[in-house]
Amino acid sequence: MHIKLVMPVPSQLPLLLQIEQGAWGGGGDLNASADKIAGRLRSFPEGVTLAVTHEIEPVGSQYAFRFHWDGLPDSLKSWEEHTSHGWTERMHQPDGKTGFLVGVGVLPKWRGVLFEHDRRWSGRFKASEFLIAVTLENLLTLGVERVIGNARVPGYHQHSELGVEEYCRFRRPDGKLADPVLRFHERMGARILKPVPYSMKDPESLNAGCWVVYERRFEG
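So, a few notes on the structure that sits alongside this text. (Residues numbered from 1 in each chain as written. Predicted model: local features only at pLDDT ≥ 70, side-chain atom pairs only at ≥ 80, totals over all residues. Heavy atoms only, no water.)

Looking only at helices and strands, the protein chain features six helices and nine strands. Expected size for 220 residues packed as a compact globule is a radius of gyration near 17 Å; at 16 Å, the protein chain falls within 12% of this value. Dimensions of the protein chain along its principal axes, counting C-alpha atoms only, are 45 × 35 × 35 Å. Within the protein chain, buried positions represent 52% of all 220 residues. Of the contacts formed within the protein chain by residues at least 6 apart in sequence, a portion of 70% connects residues at least 24 apart. When the accessible area of the protein chain is evaluated, it comes to approximately 10100 Å², of which 52% is carbon and sulfur surface. On the protein chain, the mean spot of the 27 positive side-chain charges and the mean spot of the 27 negative ones are 2 Å from each other. (Helix = DSSP H or I, 4+ residues; strand = E, 2+ residues; numbered from the N terminus. Rg over C-alpha atoms; globule rule 2.2 N^0.38 Å. Buried < 20%, exposed > 50% of the residue type's maximum accessible area, 1.4 Å probe, protein only. Contact = heavy atoms within 4.5 Å. Areas by Shrake-Rupley, 256 points an atom, 1.4 Å probe, with all protein chains shown as cover. Lys, Arg positive; Asp, Glu negative; His and termini not counted. Charge placed at Lys NZ, Arg CZ, Asp CG, Glu CD.)

What follows concerns helix α2 (residues 34-43). Among all positions in α2, only K36, I37, A38, G39, R40 and L41 are buried. Buried residues along α2 sit against α1 (13-23), β2 (48-53), β3 (58-67) and β4 (98-106).

Within the secondary structure layout, P203 lies in the loop between β8 (191-196) and β9 (209-214). Exposure remark for P203: the relative accessible area of 67% places this residue in the exposed category. In sequence terms P203 and P154 are 49 residues apart; their C-alpha atoms lie 8.2 Å from each other.

This part takes up the pattern of salt bridges. Overall, the coordinates contain 12 salt bridges when judged by the stated rule. With its nearest N and O atoms 3.0 Å apart, the salt bridge here joins R120 to E219. Separated by 99 residues along the polypeptide, R120 in the loop between β5 (114-115) and β6 (125-126) and E219 in the segment after β9 bring together distant segments of the chain. The class for R120 is partly exposed, based on a relative accessible area of 44%. With a closest N to O distance of 2.8 Å, E165 and R169 form a salt bridge. One network of salt bridges, in which partners are shared, links R120, E137, R217 and E219. (Salt bridge = Lys/Arg side-chain N within 4 Å of Asp/Glu carboxyl O.)

Right, here's the structure in full:
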């Protein structure tokens, strides 16, 4: 199976909405509305990446924006605050030197599938890996100095006896981070920056989150 990663045009909003609803469902900030997605396309189209098959069947999407950040972890609060509850067109600053990964979503049908591609990396990768890699490539090419994100920690509800700081740094016997989302970001080249007890309303994560930072491109 071959994957294509493109910067979508406004007419592809229905594809993006289909991915958003299929990947997240349930409403709330986890699931962006059509108006929020349209605002992201208007304000910073270069920050939107759409993954489709060669038959233009939707696979996944990734959103990002640019903003000014002082580089101090103490100034980072919740996902809700820094994205205006997902209304990122309100937060985007065209000359910002920091990129912000809003969220990556993949339809359940395609999760775990390894795709062929025509990008510069060798080997096959999952859709989520391509979406992060291409978004990093785009943002760093545009001149941002680093890219941050407030990652969900969906395994936290299974380890509620731990504090969020302890959980986000907790590793399995093989040395990899225990949380699946944090493990994914570390594999893609990020490092943990700052766990926070409140990020957004997210029962799996016990409403917590963890800031991560990327300072280089993905090299495979």
